[in-house]
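One-letter residues, chain by chain:
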Amino acid sequence: RIAPLLAPSMLAADFANLQAEAERLAGSAADWLHCDIMDGRFVPNISFGLPVLQALRRHAQQPLDVHLMIEEPQHYLEAFRDAGAANITVHYEACTHLHRVIEQIKKLGCRAGVALNPHTPAWVLQDVAADVDLVCVMSVNPGFGGQAFIPNTLKKVAELKELLVDAGSDALIEIDGGVNQDNALPLIEAGADVLVAGSFVFSSPDPVATLAELRAQLSA
Ligand code: DX5
Ligand code: ZN
């Protein structure tokens, strides 16, 4: 099994200098670059969309981990793949035909992810557990960076881990929201594989050093 992966969230990066941000993360401990797409409908905020993602892709060394916080994501899957997404994560709460969406994402050659809001229990994924490549457990209510980690997440990760093992699924468990040096290790111990971190990384004086420290903390 791959070591814990680190995915800095570009939502907290300097949007006016995305090239410089991508270049300083090249060769860092970042495994993926997490990109938060918000439509002002599914979540009460608007972030950035396809052209910005495409521009970032030109300068990014790491795969783009695209988190779609949008209504009706089924209409935009191909466009996000074409814009450079390696992973496409849709919200469980935004998909009436989740199984179909998962299949569509995989058919496009991307890793298929499903995100769960804090109020959504892990067991709703029971019947797609064997189909998904990644489950993103939201540890804050999606829409904004810099929010406090919701402690119930640890319990949910453990439940999700058990569900995936029982289903024979090797889907990665990703944690998104309020991740920092205090909850990183407990999350990995509970079964998490991928940690997204926005403000913890980019609000630090040296994001590259912060990622390296997090990596060292987790591999110790
Ligand atoms: C929240 C986003 C997160 C966010 C994480 O809606 O999905 O990816 O950027 O930011 P932090 O780490 O600051 O909570
Ligand atoms: Zn996100």
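The structure under discussion appears in the preceding block.
Residues numbered from 1 in each chain as written. Chains lettered and ligands numbered in written order. Predicted model: local features only at pLDDT ≥ 70, side-chain atom pairs only at ≥ 80, totals over all residues.

K.L.:
Help me understand the overall build of the protein chain in this model?
P.N.:
Secondary structure assignment for the protein chain yields eight helices and eight strands. Relative to a compact globule of 220 residues, whose C-alpha radius of gyration would be 17 Å, the protein chain shows 16 Å and is just as compact. Referenced to the eigenvectors of the C-alpha coordinate spread, the extents of the protein chain come out at roughly 45 × 40 × 30 Å. Counting all 220 residues of the protein chain, 48% fall into the buried class. (Helix = DSSP H or I, 4+ residues; strand = E, 2+ residues; numbered from the N terminus. Rg over C-alpha atoms; globule rule 2.2 N^0.38 Å. Buried ≥ 20, exposed ≤ 12 C-beta atoms within 10 Å, placed from the backbone.)

K.L.:
Explain the packing of helix 1 (residues 18–25) against helix 2 (residues 50–59) here, please?
P.N.:
A pair of packed helices is characterised by two quantities: the angle between their axes and the separation of those axes. At a minimum axis distance of 9 Å, the contact between helix 1 and helix 2 shows a crossing angle of 40°. On the basis of their axis angle, the class for helix 1 and helix 2 is oblique. The two elements helix 1 and helix 2 cross, and the hand of that crossing is right-handed. On helix 2, the residues touching Leu18, Gln19, Ala22 and Glu23 of helix 1 are Ala55, Leu56 and His59. (Axes fitted to C-alpha atoms, helices over the stretch in contact; angles between N-to-C directions. Parallel < 35°, antiparallel > 145°, perpendicular 65-115°, else oblique. Left-handed = near helix turned anticlockwise from the far one by under 90°. Contact = placed C-beta atoms within 7 Å.)

K.L.:
What's the story with the nonpolar core in this structure? I'm lost.
P.N.:
Generally speaking, a soluble globular protein has its nonpolar side chains buried in company with each other. The biggest cluster of nonpolar side chains holds 75 residues, and the ones touching the most others in it are Ile88, Val135 and Leu195. With near-sequence residues (within four places) excluded, Val135 lies in contact with Gly113, Val114, Leu116, Leu125, Leu160, Ala171, Ile173 and Glu174. (Core = buried A, V, L, I, M, F, W, Y, C linked by C-beta atoms within 7 Å.)

K.L.:
Any chance you could explain the site of ligand 1 here in plain terms?
P.N.:
By nearness alone, 22 residues border ligand 1, and Ser9, Pro142, Gly145, Gly198 and Ser199 come closest of all. Sorting the residues of the shell around ligand 1 by element identifies strand 2 (33–38), strand 8 (194–197) and helix 7 (199–202) as the ones contributing at least two each. The class makeup of the residues in the shell around ligand 1 is nine nonpolar, eleven polar and two charged. (Near = placed C-beta within 6 Å. Nonpolar A, V, L, I, M, F, W, Y, C, P; charged D, E, K, R; others polar.)

Purely geometric stuff here, so don't read any function into it on its own.
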